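Residue-level structural notes
Now for the letters of each chain:
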Amino acid sequence: MHRRLFTRALAVSVLVATAAAAGPTTATAEAPTPAQTRLHATIDAILADSRLDGAQAGVVVVDAATGRTLYDRNGQRRLVPASNTKLLTSTAAMELLGPGHRFTTDVSTDGPRRAGLLSGDLYLRGGGDPTMLAADYDQLAEQVAAAGVRVVTGDLVADDTRYDRSRLGPDWTWDDEPYYYAAQVSALTVAPDTDYDAGTVIVHAEPGPRAGSRPKISMTPDNGWLRVDNRAQTVAGGETTISIEREHGGNTVVVTGQIGVGQATESDWVTVWEPTGYAADVFRSALRRHGVRVLGRTVLGAATPDTARPLARHDSMPLADLMVPFLKLSNNGHAEVLTKELGRVLSGSGTWTAGLSAIGEYAGDAGVDTGTLRQRDGSGLSRRNLVPPAQFVTLLSAVRAEPWFDTWYAALPVAGNPDRFVGGTLRSRMVGTAAADNVHAKTGSLTGASGLSGYVTDADGRLLAFSIVLNNYLTSSVKGLEDQIAIALATYTEKGATTARMTVPTAPDSPRVPEGRECSWVKPALC
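Residue indices begin from 1 for each chain and proceed along its sequence in written order. In keeping with the predicted nature of the model, local features appear solely for residues at pLDDT of at least 70, side-chain atom pairs appear and are counted solely at 80 or more, and the whole-chain, interface and lining totals rest on all residues. Only hydrogens and water are removed before side-chain values are computed, so all heavy atoms of the structure are retained for them.

Under the scheme used here, helices are H or I runs from DSSP no shorter than 4 residues and strands are E runs no shorter than 2 residues, and both carry numbers assigned from the N terminus. Summarising the element assignment, Val253 is placed in strand β14 (residues 252-256). Measuring from C-alpha to C-alpha, the distance between Val253 and Leu226 comes to 7.0 Å, with 27 residues separating the pair along the chain.

Only strands joined by at least two bridges in the DSSP assignment are considered to pair. Spatially, β18-β8-β6-β3-β19 is the arrangement adopted by the 5 strands of the open sheet, whose pairing is mixed. A strand with exactly one partner marks an edge of an open sheet, and here the two such strands are β18 (298-300) and β19 (309-315). If you compare each strand with its neighbour and ignore which way they point, the axes differ by 15 degrees on average. Direction of pairing for strand β6 (residues 122-125) relative to strand β8 (residues 156-159): parallel, over a ladder of 4 bridges. In the sheet register, Arg125 faces β8, and the bridge partner there is Asp159. Taken strand by strand, helix α4 (residues 134-146) contacts β3 (104-109), β6 and β19, and its axis lies near 150 degrees from that of β19. Comment: axis = line fitted to C-alpha atoms, over the contacting stretch for helices; angle = value between 0 and 180 degrees taken between N-to-C directions. By the convention used here, residues are in contact when the closest approach between their heavy atoms is within 4.5 Å.

What follows is about the nonpolar core. Definition used in this section: a nonpolar core is a set of buried Ala, Val, Leu, Ile, Met, Phe, Trp, Tyr and Cys residues joined via side-chain atoms within 4.5 Å. Remark: exposure states derive from per-residue accessible area (1.4 Å probe, protein chains only) relative to the maximum for the residue type, with buried under 20%, exposed over 50%, and partly exposed in between. With 49 residues, the main nonpolar core has Met323, Trp408 and Tyr455 as its most contacted residues. Contributing elements (two or more residues each) for this core: β1 (56-63), α3 (86-96), α6 (319-328), α7 (332-347), α8 (352-365), α9 (389-398), α10 (405-411) and β22 (463-471). Ignoring sequence-local partners within four residues, the contact set of Trp408 consists of Leu87, Ser90, Thr91, Met94, Met323, Leu327, Leu396, Val399 and Tyr455. Formed by 40 residues, the second largest nonpolar core is a distinct cluster that contains Tyr137, Met219, Val255 and Val270.

Trans peptide bonds make up the majority, and among non-glycine residues the majority have a negative phi. Put simply, Thr220 and Pro221 share a cis peptide bond, and its omega is -5 degrees. By the element assignment, Pro221 lies in the loop between β10 (216-220) and β11 (227-230). Positive phi, normally seen in glycine, also occurs at Asp437, with a value near 55 degrees. With respect to the helices and strands, Asp437 occurs in the loop between α11 (420-423) and β20 (440-446). Even without a glycine there, the phi angle at Asn472 is positive, about 65 degrees. Tracing the sequence through the fold places Asn472 in the loop between β22 and α12 (479-490).

This part is about α3. Side chains three or four residues apart in an α-helix point the same way, a direct result of the helix having 3.6 residues per turn. Among the 11 residues in α3, 11 count as buried, and that is most of the element. Taken residue by residue, α3 has Lys86, Leu87, Leu88, Thr89, Ser90, Thr91, Ala92, Ala93, Met94, Glu95 and Leu96 as its buried positions. Positive backbone phi, approximately 95 degrees, marks Gly98, located one or two places after α3.

A side-chain nitrogen of Lys or Arg and a carboxyl oxygen of Asp or Glu constitute a salt bridge if their distance falls within 4 Å. Tallying each qualifying case throughout the model produces 22 salt bridges. Residue Arg162 is joined to Glu341 by a salt bridge in which the shortest nitrogen-to-oxygen separation is 3.0 Å. With Arg162 in the loop between β8 and β9 (200-206) and Glu341 in helix α7, this residue pair connects regions lying 179 residues apart in the sequence. Classification of Arg162 by relative accessible area gives partly exposed; the value is 24%. Residue Glu341 is classed as buried on the basis of its relative accessible area, which comes to 1%. Notably, a salt bridge pairs Arg376 with Asp171, separated by 2.8 Å at the nearest N-O pair. Here the residue Arg376 occupies a position in the loop between α8 and α9, and Asp171 occupies one in the loop between β8 and β9, the gap between them amounting to 205 residues. Given a relative accessible area of 27%, Arg376 falls into the partly exposed group. Through salt bridges with shared partners, a single ionic network connects Arg68, Asp458, Asp460, Arg462 and Glu494.

Our focus in this paragraph is the packing of aromatic side chains. Stacked, tilted and edge-to-face pairs are distinguished by plane angle, under 30 degrees for stacked and over 60 for edge-to-face with tilted covering the rest, among Phe, Tyr and Trp rings (Trp via its six-membered ring) whose centres lie within 6.5 Å. Tallied over the entire structure, the rule returns 10 aromatic pairs. Ring centres of Trp408 and Tyr455 lie 6.4 Å apart, and the angle between their planes is 90 degrees; this geometry places the pair in the edge-to-face category. Linking Trp408 in helix α10 with Tyr455 in strand β21 (residues 449-457), this pair joins segments that are 47 residues apart in sequence. With relative accessibility at 0%, the residue Tyr455 sits in the buried group. Of the aromatic side chains, those joined through ring pairs into one cluster are Trp404, Phe405, Trp408, Tyr409 and Tyr455. Note on geometry: a ring has a charge over it if NZ (lysine) or CZ (arginine) is within 6 Å of the ring centre and within 35 degrees of the ring normal. The ring centre of Trp352 lies 4.0 Å from the NZ or CZ of Lys340, which sits over that ring.

Nothing here speaks to function; it is all geometry.
Structure (structure tokens):
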């Protein structure tokens, strides 16, 4: 497989070299075309914005078909890419795991059965599925009951050994840990919704019946793994100020603030401490509902014996389908699970180290100069990730030859498309411009770091690959500058162009998002 990728990358290099020598229509650094001169001046003007004073900016634009560079500002400079890192992770997963790859969660036993009595332990084995809902655990429990099991004399063993015990990514900051975009990673977990935010729970605060009473607190899914410390008050009127936050290092959710009588329920997503126990708790409750009693305790982290016999099984959606919530909503948990799954499948080690090695090998085979970058996690949440924009463009150009490219391309967020599972993190950006329903790109956001890398079709019908990575700015957002560049690329033409500068595009306002977060990370989602 890697020889095939090397051959393909070599062929792309030959194509680019041939195009460069083809004739006078090809621009070079010494002789840019009038159209390129205009584009350079336009993007330079955008990057001269005062919001980037003292900041670092890397921008590269390439004709994806010919490899001709149309613009390069600091393309080889290593910058913090934020969630643009997911371009590396997602393409490696599509190639090395395959679009049809599925995660399997199963239930088995190694004890003898007589009538409805199972004399032994019941094993719930996680396969890393980040899309497991409470309803899926209910179906597993239903299958166990349908097999005739009524009483289990032993323990419920939650087997998460497919991956290692490292729950949080390398270099993640401790104060992100309670928030859903930094959920702990386990091979056995639960998602509370069909955004598939694995390892989180939705906490709801409903006003009490009268002023002075405590709000009613509930959770989705209902579980006994988290404890609620309800300090909030129901009031007769005034602003709702409910705060829902899990205490660091444990599973106590503290609810504070106030909510008015008759006001709408307030909800927030919080991570759980130890997703394996959360999954086991949800499954044990499902067994109880289906008339299956487990007499023993719940044991976390033990392996299922090779002699265990299957009782129930659930397979996830194929990876091709998972790419949609993963990339559209910039789901960090999906990126980290795929990283560990790559390590497990390719080397038998479900670790970040093994998975990142596999991603790097794939990227290198695709033509990326991996010696110029550093990848520390799958999602981009680590600030020690460093990637030059030019290497993103190399990857974006190379993957167009992959058989799975169309599926992956469609999973990228689409600018200005209001459908949340089409537009994704770009659904509220570039609306009503030439870039709307045109730009397919991955967003990236951390405090002081922003990126937009992907594809745009220009006014002449050419597909351009581009990467914009901005670092070390002090303003709350530079998304508007990224949008201006993307709009300029969407209107770029080489027909009848002069050297006069293009009009700098105006980018429509985007929703206000807390500094350093993707819009889809704010629940309820702003995009």
